[in-house]
Amino acid sequence: MYIYIIGLLLSLVAGIWFIYQPPKDKTSIILLLSAGGAFLITILFTHILPELFEELGYQAGIVLLIGFGIQILLENYSRGIEHGHAHPSKSTGKLTIAYIALCIHALIEGMPLAPALFNSVVPLENQFIIGVMVHKIPVAVALSSVLIKSNVSKNQALIWLLGFIACTLVGSSFQQFLASQLSFDSGKLMFITLGLTVGILLHVSTTILFESSDQHRLSPTRLVAIAIGVALGLLG
């Protein structure tokens, strides 16, 4: 529970920082995004995917593919905020649609984190919770940057940021509600929503890692950040 709550608070603080006192140099956020993406994809490949296929068999591949497809669809509307892009929009309609898509992403992402808040028959890897929370920090920053650059007032941007953070809690609570109300095996339901989230995160993390400059080369500092993320994931 502590990792979950602390992760959300750090995301909130980072988002507030970029709303009220945005730094001019955003290099550290780019490096955090790269390291977080590398850490996350390492955890997915070494811890989560083997367990998914052990529990769901061939169905794991189907669920992962659905999650991957959901993220492709969401990204058509979210303008890439999930992997750190901060493209402002002067259209309130487009900005609202991007925000809704991002909130859907956060809600689905929060569903398999339910065991971190509630009693569950399925234990959850702490490394996975850490990976998701590290991923959320630069996303909160990107959202705040988009809102401010789109001339949204600071107080309104704060409300939007709080709504985004709350979506993770809503997703976890919704997962717990489904598990308590449906006659469906709660353990299998947990692995299905985990598979959907992993499919989404595979899309996001690979996009982060393989995005580069126009010369299709990663800077040495980004390579070091990625190496650190992979190393931490393997040590976990």
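Residues numbered from 1 in each chain as written. Predicted model: local features only at pLDDT ≥ 70, side-chain atom pairs only at ≥ 80, totals over all residues. Heavy atoms only, no water.

1. Digging into the overall build of the protein
This is how it is decided: Helix and strand labels come from DSSP, where a helix needs a run of H or I of at least four residues and a strand needs a run of E of at least two; each type is numbered from the N terminus. All radius of gyration figures rest on C-alpha atoms, and the globule criterion is 2.2 Å times the number of residues raised to 0.38. Only protein chains enter the area calculation, which uses a 1.4 Å probe; residues under 20% of their type maximum are buried, those over 50% are exposed, and those in between are partly exposed. Should any heavy atoms of two residues lie within 4.5 Å, those residues are counted as being in contact. Throughout, the Shrake-Rupley method with a 1.4 Å probe supplies accessible areas, and for residues the shown protein chains are the sole cover considered. This count recognises Lys and Arg as positive and Asp and Glu as negative, with His and chain-terminal groups excluded. Note on charges: their place is set at NZ of Lys, CZ of Arg, CG of Asp or CD of Glu.
Of the regular secondary structure elements, the protein holds 8 helices and 0 strands. The secondary structure elements of the protein, listed N-terminal to C-terminal, are α-α-α-α-α-α-α-α. Relative to the globule expectation of 18 Å for 236 residues, the C-alpha radius of gyration of the protein, 17 Å, shows essentially globular dimensions. Based on the C-alpha atoms only, the size of the protein along its principal axes is roughly 50 × 40 × 30 Å. Within the span of the protein, comprising 236 residues, buried residues form 49% of the whole. Taking the intrachain contacts of the protein between residues at least 6 apart in sequence as the baseline, contacts between residues at least 24 apart amount to 80%. Carbon together with sulfur atoms contributes 68% to the accessible area of the protein, which is approximately 11,400 Å² in total. Of note, the protein has its 11 positive side-chain charges centred 19 Å away from the centre of its 11 negative side-chain charges.

2. Comments concerning helix α2 (residues 27-56)
Put simply, the rule reads: Given a helix with a known number of residues, its expected span is that number minus one, times 1.5 Å. Bend is computed residue by residue as the angle between axes fitted to the seven residues ending at the residue and the seven residues starting at it.
Compared with the 44 Å implied by 1.5 Å per residue over 30 residues, the 40 Å span of α2 between its first and last C-alpha is a close match. Roughly 45 degrees is the biggest bend found in α2, and it falls at L44. At the exit of α2 stands G57, carrying a positive phi of roughly 65 degrees.

3. Structural notes on empty space enclosed by the protein
To locate leftover empty space, one rolls a probe as large as a water molecule over the atoms. The criterion, for reference: Cavity and pocket criteria rest on a 1 Å grid covering protein atoms alone: a 1.4 Å probe that fits but cannot get out defines a cavity, protein on both sides within 12 Å along at least 5 of 7 lines defines an open pocket, and an atom within 4 Å of a point defines a lining residue. Grid points are joined across faces, edges and corners, and a volume is the space filled by probe spheres set on the points. Residues are grouped as follows: Ala, Val, Leu, Ile, Met, Phe, Trp, Tyr, Cys and Pro are nonpolar; Asp, Glu, Lys and Arg are charged; every other residue, Gly included, is polar.
Inspection of the entire model under this criterion finds 2 cavities of 30 Å³ or more. Each pocket or cavity is described by its volume, and for the second largest cavity that value is around 40 Å³. What lines the second largest cavity is L32, L33, G36, G37, L40, V134, H135, P138, V204, S205 and I208. Breaking the lining of the second largest cavity down by element, the ones donating at least two residues are α2, α5 (126-149) and α7 (186-210). Of the residues forming the lining of the second largest cavity, the biggest block, 5 residues, is contributed by α2. Within the lining of the second largest cavity, the residues separate by chemical class into 7 nonpolar, 4 polar and no charged.

4. Digging into the environment of P23
Along the chain, P23 turns up in the loop between α1 (2-20) and α2. The class of P23 is buried, set by a relative accessible area of 19%. Sequence separation of P23 and F128 is 105 residues, and the distance between their C-alpha atoms is 29 Å. Residue contacts for P23: discarding those within four places in its chain leaves W17 and F18.

5. Things to note about the side chain of T193
Defined as follows: Within 3.5 Å is the distance limit for a polar contact, defined as a pair of N or O atoms, with the added protein rule that one can donate a hydrogen and the other accept it, and that residues adjacent in sequence qualify only through two side-chain atoms.
Structurally, T193 can be placed in helix α7. With relative accessibility at 5%, the residue T193 sits in the buried group. A distance of 3.1 Å separates a polar atom in the side chain of T193 from a polar atom in the side chain of Q175. Residues in contact with T193, not counting those within four places in the same chain, are M111, P112 and Q175.

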